[in-house]
Amino acid sequence: MNLIFIEDGKPLAKRIDTLWHGFEEPLAQVSQQPISGSVTLQLLPDVELEDLRELIAQASLVLLELPTFTDGRVYSIAAALRQHYQYTGCLRVFGDVRQDQIDDLHRCGIDSFVLEDSQSSDETLTRFNAFGFRYQRPFG
Amino acid sequence: MYQYSEQDQQFLQTRTEQFRQQTERFLQGQLSAEEFQQLRLRNGLYIQRLAPMLRVAIPYGLVSADQLRTLAKISRDFDKGYAHFTTRQNIQFNWPKLEAVPDLLASLAACDMHAIQTSGSCIRNITTDPLAGVAADEQVDPRPYAELMRQWSTLHPEFNWLPRKFKIAITGAPHDRAAIEVHDIGLSAFNEQNNVFFRVVVGGGLGRTPMIGTTIHERLPAKHLLTYLTAILRVYNRLGRRDNKYKARIKILVKAMGEARFRDAVDAAWQPIKGGPDTVSDERIQDLMRHFSQPDYAFVNDADQQAVISSDGAFHLWRNRNVLPHKTPGYNAVHISLKRPHTPPGDVSDATLEDLAALADDYSFGEARVTHEQNIILADVETSRLFELWRLLVSADLATPNRGLASDMICCPGGDYCSLANAKSIPVAAEITKIYEDRQQEQRLGPLSINISGCMNACGHHHVGNIGILGVDKKGEEFYQISIGGDSGDTGNGAELGKILGPALSRQHIARAVLNLTQCYESARAEDETFNQTLERVGLAPFKTAVYESEAI
């Protein structure tokens, strides 16, 4: 797997072998009481965010799965996390992530992308900010 | 016309280059067919029955003379010398080669046009009243709001992968000429003490499950337009069905949740962003309005102008039918019918596009409008020049005096072109045109909408035609189902869906059936009742009898 992450506004790539690379906490089960310190959350596409308000407030890594690249729910979940819940931690997407979509995912507030090898090329990092001008302001 | 800024132009160039690279990667095998399909759809490119089809947006129906010339040139360079105006203020080319599409898009971009989001599960071309800014009954000019929504929806990062396509229409007049109640979102703007508000209608649509939309906000202040739209789309994007494409439109979600729950969900999504950065200031609207070229109207006395008009009978027939009143004294909106014998509805040759461009330049400040009925309007013509314009229209075969009459049919491309169609629609339109070739007959009938779709996707809006015709497949044979009593909303009484008359008819019987229906209407109507008013009074039965018990069928 390849991880693309944003550092100082610049996209960078590295190879990783766990989805929570860079975070020490394993995935927290939603049924568990939040532990003190940071929490890693994995949210399903049909998640009811309002039920998880407290966990979201404690999370430092949220994992979002893109089941197929045409499933747009992740974009609205990310935007809602940033806009409604003021979530400021790492927002990482994995699953059927295609390089032609990472710019839009980024603009919805996702700042960390797990890509399969087939979706990674030398050009992947150039997919960000392909447009000098956009009609919308970003959610990030 | 809305004048593009340098930013707008650069944006289009970048988008074109992006698609050029994607096409190259696809042709080199670096991009899968399923992924490229989604990317090309969002650039207006379908692969059709015979060849690719490219759908070009004409945002809210406004097109300049220069753009019409570009479209004519594109039809020559990339197509077979013609193009087709659709029912959503778009224009389609039917034969471009896949490899050539990036060049075609570059030609469009050079004249501020594009095919962005004219297909795919995203927000489609924003449509509006073709008489925006000139209609005598208008309360609010919808154009700056339509442009605001064009910008907001263009490559919106959050809403590019919706459960299904999403259509927004806006009107600012009590006579709804944009059919807003049969759109995913319909906006009806009104003015109260110099403040603009919208009635927001959600979940209308035609297709397999036709529905009139539900009003979820009676009085939305204009400044909240974008945040409220974002909330609606966010709810739909999260909760709309993705397991069945026939149940994926927002109308199904609204119905499943019920009006109250849907409204509450939108409100919950709206509160955190309401009043936020996407709030629309008055200055923003004024700035957008300044980007529209304003016709330099002469101060003319309409009464003086009337005096110079000819008494030619054919001219008067055309004028009474095709010339519409204008806000500004001494000016008129001229309706140019693209429903002519021997030409499929909405089709134009490159020569006709050039003719329209020249007429727009000479008679209407270099601008034309496209209507959802697949016709053209020159919106700013001086009264004293109507006769001379009419003579030129006659010589260009563009003066058919049939606006809103039986032969002014809305018709999709149907089985001749479209791979979704169950039946052909263009030949049916041709047969119906033939029965009304005697113009007096249709003039006598008065306003009557006949809408034809080649399949239940309803691109020909058959549900909202006074007479709707739907192509169906019966064991490999083309049949047609008739419904009557539909209304798109332009009468000012709200939209109405037609009722199915009875069993589907074969192709050879369909034109005759339409004739029988209109004869039934003519003999049953009281005074100047419309078709739908007569239907309401006498009921379905006499019409059924006229179609199913006449000797010819």
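Residues numbered from 1 in each chain as written. Chains lettered and ligands numbered in written order. Predicted model: local features only at pLDDT ≥ 70, side-chain atom pairs only at ≥ 80, totals over all residues. Heavy atoms only, no water.

### Structural notes on the side chain of B:E138
All names here are of chain B. What counts is decided by this rule: In this description a helix means any DSSP run of H or I spanning at least four residues, a strand means any run of E spanning at least two, and both kinds are numbered starting from the N terminus. Using a 1.4 Å probe on the protein chains alone, a residue whose accessible area is under 20% of its type maximum counts as buried, one over 50% counts as exposed, and one in between counts as partly exposed. We call two N or O atoms a polar contact when they sit within 3.5 Å, provided that within protein one can donate a hydrogen and the other can accept it, with sequence-adjacent residues counted only if both atoms are side-chain atoms. Two residues qualify as a contact provided that any one of their heavy atoms is within 4.5 Å of a heavy atom in the partner residue.
Looking at the element boundaries, E138 is found in the loop between β6 (127-128) and α5 (143-153). Given the relative accessible area of 10%, E138 is considered buried. A distance of 2.9 Å separates a polar atom in the side chain of E138 from a polar atom in the side chain of K327. In contact with E138, other than residues within four places in its own chain, are L131, A132, G133, G172, A173 and K327.

### Notes on the domain arrangement of chain B
Residues and elements named next belong to chain B. Defined as follows: Residue ranges assigned to each domain were obtained from an automatic or database domain assignment. The buried area of a pairing is the accessible area, by a 1.4 Å probe, that goes missing from both parts when the two are put together, added over both. Put simply, a salt bridge is a Lys or Arg side-chain nitrogen that is within 4 Å of an Asp or Glu carboxyl oxygen.
We note that the domain assignment places domain 1 (6-109), domain 2 (127-288), domain 3 (302-395) and domain 4 (410-548) within chain B. A C-alpha centroid distance of 26 Å is found between domain 1 and domain 2. Across the boundary between the two partners, domain 1 contributes 10 residues, which contact 14 residues of domain 2. Of the roughly 1,100 Å² buried where domain 1 meets domain 2, counting both sides, 62% is carbon and sulfur surface. Considering only the side of domain 1, the residues that lose the most area to domain 2 are R42, Y60 and R88, jointly responsible for 55% of the buried surface there. At the boundary of domain 1 and domain 2, one finds 1 salt bridge. The residue R150 makes a salt bridge to D8 at a minimum N-O spacing of 3.7 Å.

### A word on unusual backbone geometry
Residue and element names in this part refer to chain B. Backbone geometry at Q374 places phi at a positive 70 degrees, although glycine is not the residue there. Inspection of the secondary structure assignment puts Q374 in the loop between β14 (367-370) and β15 (376-382). Classification of Q374 by relative accessible area gives buried; the value is 0%.

### Observations concerning the sheet that holds strand β2 (residues 52-57) of chain B
Residues and elements named next belong to chain B. Rules: Any two strands with at least two DSSP bridges between them are considered paired. Whenever a helix is involved, its axis is fitted only over the stretch in contact; in every case the axis is a line through C-alpha atoms, and angles between N-to-C directions fall within 0 to 180 degrees.
If you walk across this open sheet you meet the 5 strands as β1-β2-β5-β4-β13, and the pairing is antiparallel. The open sheet has two free edges, formed respectively by β1 (45-47) and β13 (347-349), since each of these has just one partner strand. For this sheet the average axis-to-axis angle between neighbouring strands, irrespective of direction, equals 30 degrees. As defined by bridge partners, β2 adjoins strand β5 (residues 90-93) across 4 bridges and the pair is classed as antiparallel. Across the sheet, residue V56 finds its bridge partner in β5, namely I91.

### Considerations on the interface of chain A and chain B
Listed per partner, the contact involves 33 residues of chain A and 36 residues of chain B. For the pairing of chain A and chain B, the buried interface totals around 3,000 Å² over both sides, and the portion due to carbon and sulfur atoms is 53%. When the buried area of chain A at its contact with chain B is split by residue, A:D100, A:F131 and A:Y135 rank highest and sum to 24% of it. Scanning the region where chain A abuts chain B turns up 5 salt bridges. Put simply, B:E35 and A:R98 hold a salt bridge, and the shortest N to O gap is 3.2 Å. Joining chain A to chain B, the criterion identifies 18 residue pairs in polar contact (both at pLDDT 80 or more). Mapped by element, the contributors of at least two residues to the side of chain A that touches chain B are α2 (73-83) and α3 (102-107) of chain A. The element contributing the most residues to the side of chain A that touches chain B is α2(A), with 7 residues.

### Details of the sheet that holds strand β8 (residues 185-192) of chain B
Residues and elements named next belong to chain B. Read from one edge of the open sheet, 5 strands run β6-β7-β8-β9-β10, paired in mixed fashion. Where the open sheet ends on each side, the last strands, each with one partner, are β6 and β10 (214-221). In this sheet, β8 lies alongside strand β7 (residues 168-171) in parallel orientation, the contact comprising 4 bridges. Considered in β8, the bridge of T171 is made with S188. Sitting on the sheet, helix α6 (residues 225-239) touches β8, β9 (195-202) and β10, and the angle it makes with β10 is about 155 degrees. Contacting β9 and β10, helix α8 (residues 259-270) runs over the sheet at an angle of about 35 degrees to β10.

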